[in-house]
Structures are given as C-alpha cells and as structure tokens.
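Listed below are the residues making up each chain.
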Amino acid sequence: MEQHGNVSNNMLSKRLIYLVEVDILVFLLLVSGIGVGVALWENYHPHISRTAALPTVQITTPLITPPVKDPEMTTWLSSDGKAELQMQTVFYRDDSKTYRFYVRDIATDKKKEIFTNAVISSKTMEIPFNSWSPDNSYIFLEEIRDGSKRYLVVKSSGEPFAQGEQSLDVLVLFNKQNTGYTLNEVTGWADPTLLILTTKTPKGEEGPSYWFDVSGGEFIQLSTRF
Amino acid sequence: MMVPLPNKKPQRDTGFYIKRSFLALFVGLFFFFATSFVIQQTQSFCANSISCIKDLSVNVENNAVGVFEGQKVVPPKITLSQEKPSVKPERAGEKHIYVDLSSQTLYAFQGDSLVLKTLISSGKWHPTPTGDYHIWIKLRATRMSGGTGADAYDLPNVPYTMFFYNDEVGKDAGFSLHGAYWHNNFGHPMSHGCVNMRIIDAQALYNWADPPTTDYTTYATDTHPGTLVSVCSKITINGTTRECIE
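All values derive from a computational prediction rather than experimental measurement.

A.B. asks: Can you explain the pattern of salt bridges? Please cite residues and give values.
C.D. replies: According to the stated counting rule, one finds 11 salt bridges over all chains in the structure shown. Of the charged contacts, one joins B:Arg143 and B:Asp154 as a salt bridge, the two residues approaching to 2.9 Å between their closest N and O atoms. Within this pair, whereas B:Arg143 is found in strand E6 (residues 131-146), its partner B:Asp154 is found in strand E7 (residues 153-165), the two being separated by 11 residues in sequence. Of the charged contacts, one joins B:Arg198 and B:Asp201 as a salt bridge, the two residues approaching to 3.1 Å between their closest N and O atoms. You'll find B:Arg198 and B:Asp201 in the same group, each marked buried. It is possible to trace a salt-bridge network through shared partners that takes in A:Lys123, A:Glu143, A:Arg150 and A:Asp169.

A.B. asks: Can you lay out unusual backbone geometry for me, pointing to particular residues and giving the numbers?
C.D. replies: Residues B:Asp210 and B:Pro211 are joined by a peptide bond in cis, for which omega reads 5 degrees. With respect to the element layout, B:Pro211 can be found in the loop between helix H2 (199-208) and strand E10 (217-219). Of note, the phi angle at A:Asp95 is positive, near 70 degrees, even though the residue is not glycine. As for its placement among the helices and strands, A:Asp95 is situated in the loop between strand E2 (83-91) and strand E3 (97-105). One non-glycine residue, A:Asn178, lies in positive phi territory at about 50 degrees. The topology assignment puts A:Asn178 in the loop between helix H2 (170-175) and strand E9 (182-191). Among the residues examined, A:Asn178 registers a relative accessible area of 68% and is labelled exposed.

A.B. asks: Explain the interface of chain A and chain B to me, and be specific about the residues and the numbers.
C.D. replies: How big an interface is tends to be stated in terms of accessible area lost as the parts join. On the chain B side, the residues contacting the 22 residues of chain A number 20 residues. Both faces combined, the contact of chain A with chain B buries some 1700 Å², and carbon together with sulfur accounts for 55% of it. A per-residue breakdown of the area chain A buries against chain B is headed by A:Ser79, A:Phe129 and A:Phe226, which together make up 35% of the total. Remark: the boundary between chain A and chain B carries zero salt bridges. Across the chain A-chain B interface, the total number found is nine residue pairs in polar contact (both at pLDDT 80 or more). Mapped onto the side of chain A that touches chain B, the elements with two or more residues apiece are strand E1 (72-77), E9 and strand E10 (194-200) of chain A.

Rules of the game
Residues numbered from 1 in each chain as written. Chains lettered and ligands numbered in written order. Predicted model: local features only at pLDDT ≥ 70, side-chain atom pairs only at ≥ 80, totals over all residues. Heavy atoms only, no water. Salt bridge = Lys/Arg side-chain N within 4 Å of Asp/Glu carboxyl O. Helix = DSSP H or I, 4+ residues; strand = E, 2+ residues; numbered from the N terminus. Buried < 20%, exposed > 50% of the residue type's maximum accessible area, 1.4 Å probe, protein only. Contact = heavy atoms within 4.5 Å. Buried area = accessible area lost by both parts, 1.4 Å probe. Polar contact = N/O pair within 3.5 Å; in protein donor to acceptor, adjacent residues only side chain to side chain.

Encoded structure:
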C-alpha cells in the first residue's frame, strides 16, 4: 500500500512539473507575440508623440495680387555700348506695377538687380535717352504721373548712396533748396557726376539751369542756360 | 688846341620819365589790339583749333586727361591693334545724312531706307552752320580743343570723327560728326559747333558712311567720295520725300 502511495505521489509531481513548464512556455510565447506585434505597429505607423502639443499652423491668403500678364522687358544700352540697363515691368490685377531694374555687363553677360520700385496704377516708369552717366556709374530714371515727372538717380552697381538711400529723388532734393524756381526737366549728364536741370520761374518763364552733383548732393546754379 | 666841350646833359625830371613810360605803354597796347583785330578779321571761325589743319591723321592718347566745362575728363582707352575696320555689306542707294537742328536729331538714309535715327548735340557755344557738306576724312580718334575761358575744352581720343566741308565752310573750319564720351545730354545743344553723338551711334555711322573705312585714317577720294551731310534748321519727312529747310 505504501509503495502504491509513493508511485501516485511521483506521478502527481511529474504532472505538476509538466503543467508548470507548459504554462511558462505559453507565457513566453504570448509575451514574444505581443512584443513582435508592438514592434510591427510602431514600424508601420508614424510616430506621434503623446507628450508634446502639435504646433498650430495658420494658413493665410497672400497679400500680393498675382500678376495678370507676362512681364515686359525694356532695354537701353550705355553710350559706349559696354553695359545694358534692363527694366522689367510686372503688372498686377489692380493695375499697380512693379519695376525691376537690372544692369547687364555686355562683355561678361553678368546681370545684377540694382533697384526695384512698386507704383500705383496711375504711375509709370521710363528710361530716358540720356539715362546712363558718361562713365556708366549712375543711371537716372523717370517716374511719370499725370504728365509730371519725378527723377530718380541710382548707382549702376546697385550700392546705396552715402546716407544709405537706394535712390536719390532729384525733385524732392531740389525743392528743399528753396531756390524760388521749380524743376522743369532733367535733360542729361554734363559729366560723370553732374546732372543738368532746367527750371521755371513762378510765372512759368524759363529759369536758370542747375547742375546736381550726385556724388555730393549739391546743386550748382549756372550762368549758361541748357 | 682842342678845347673839350663841356659834357652837358639835359635836365630831365621825374615827370619826363613818367610821361615816356605812359607813351610807351600806350603805343604797345595800340599795336597789340590792332594786330589782334586784324588777325580776328582775317581768320574764320574754327570749331576746334587742333583739328583746323588740312593734314590730319589718327591720334590716340590713352594717358591724357581732358577738360570740358571746367571739369576734368578721363577719355576712354583705345587699342587700335585690337580693332579691325568694320566692313558692312553694301546696300543699294545713295547715302545721305541729315541733321535736324530744331529737333537735335540725325537721320541716315540709304536710298529710301532709314538706316539710323538718333539724338545728337549740335553747337551751343558756336552754332553748327547749316548747308550741304561732304565728309572729306574719317579718323578713328583725334584730339580736339578750343573755346576760351570757362568754355575752353581739350579732349583727347574723340572717337569716330567724320569731318565735313563745303565751298563756304572749308576743311580748315574743323566741323565734324563724332562720338562724345564727356557728356550724355543728347537732344540738346552741347558742342562748340560739331555734331556730337553717343559713341555707339557714331561708331555705326562711321562704319556705314563713305568713304569706306580702309584704315584708322581714311580720306575721301574721287573714286570714293564722302557721304553727303545736310545740316538743316528743320527737316520734314513725308514717306520717301525729305525737305531740308536751311
């Protein structure tokens, strides 16, 4: 009897050990499966951080009206034919325009943007015949509104003037002189830095001519009328 | 026995010497002004003194500094060895250059075709004389000087110069068409009698006009006469009809 009891105990122990081994194996398989599943999930789905808040992106409508037609290009050679001034006009739906000016070196074909001017619908810009200074250092441009002209001087290198200005407004600077005359016309260059100005008296008669020295910003009244 | 005469010297006071000095000064000034007047009366106006000679040849001075309107001017450098006379294909038709002084515009026609139209600067300190002329010499570059006082000028390397003349305004008057590097005020009188143009326009005209360019100095000949140049107070152009008002 006692021997029979010992045999039964041994069989029970072996059964228990077997069951425990199976449970451990199932547990390990289950854990491995979950691990592989999580790894696959992470791999195939974009990682989203659950701790950081997403930034808010605000989409706004652009303020600049898109151009309504292809830009126009006007070119003008310097007197010696060594450089070319290019004026690109971009037209917008509200009739405003942006003028971009470039200088191209004829020998090297290198082009540089030197000046940009955005104008309202009633204004236009033109390159005058005598735009280039004789040594090609400066350029003067005309801005026209209702027949009256404003004259802008820029450096052909695109560099600013001494006070940091990108352009000099001849009309504004002349009016500050309080000469008693009104600016009639800028005709051209007397030398590499001297612009020739004609004026009118308050009665509308022909006034004296001036030189405007663009390098020093001075106006010089002349005894000769141009 | 000879008795020596006493050495008598006339008594001359200070007033005598002052009077004599004034007289000498007066006579000197009289002769100076009289001579200047006679020279002025016998000489005709010369558009530029250096060019007012009948024998000219190309003159390049790359290191010289010019003067115009009291301002120093640096002339463009010219390297003749790097240039070749431009030979353009000939079109048909007679060549004729018109200068309209009222609009400061130059027209170059060949037959009925307009070859070039551009703004020029004619005489301001001395008028460009109207009339029909012929080009008698073409110079790739020359020096021009003249004027007086504040209007004096001295300009080396004046490019693409075409001197013209007629029976009234002779070769020694020195009037020409040429490029101008010292100013950029075309469309307005700005010269001492010549016809100034942008350098690129002068170059185009120089290469086109007769006599055909054979060297840096080209004279017109009987077989290759110079192009006709009409300087007009005003020009009316109607289609193929051109009327020059002198």
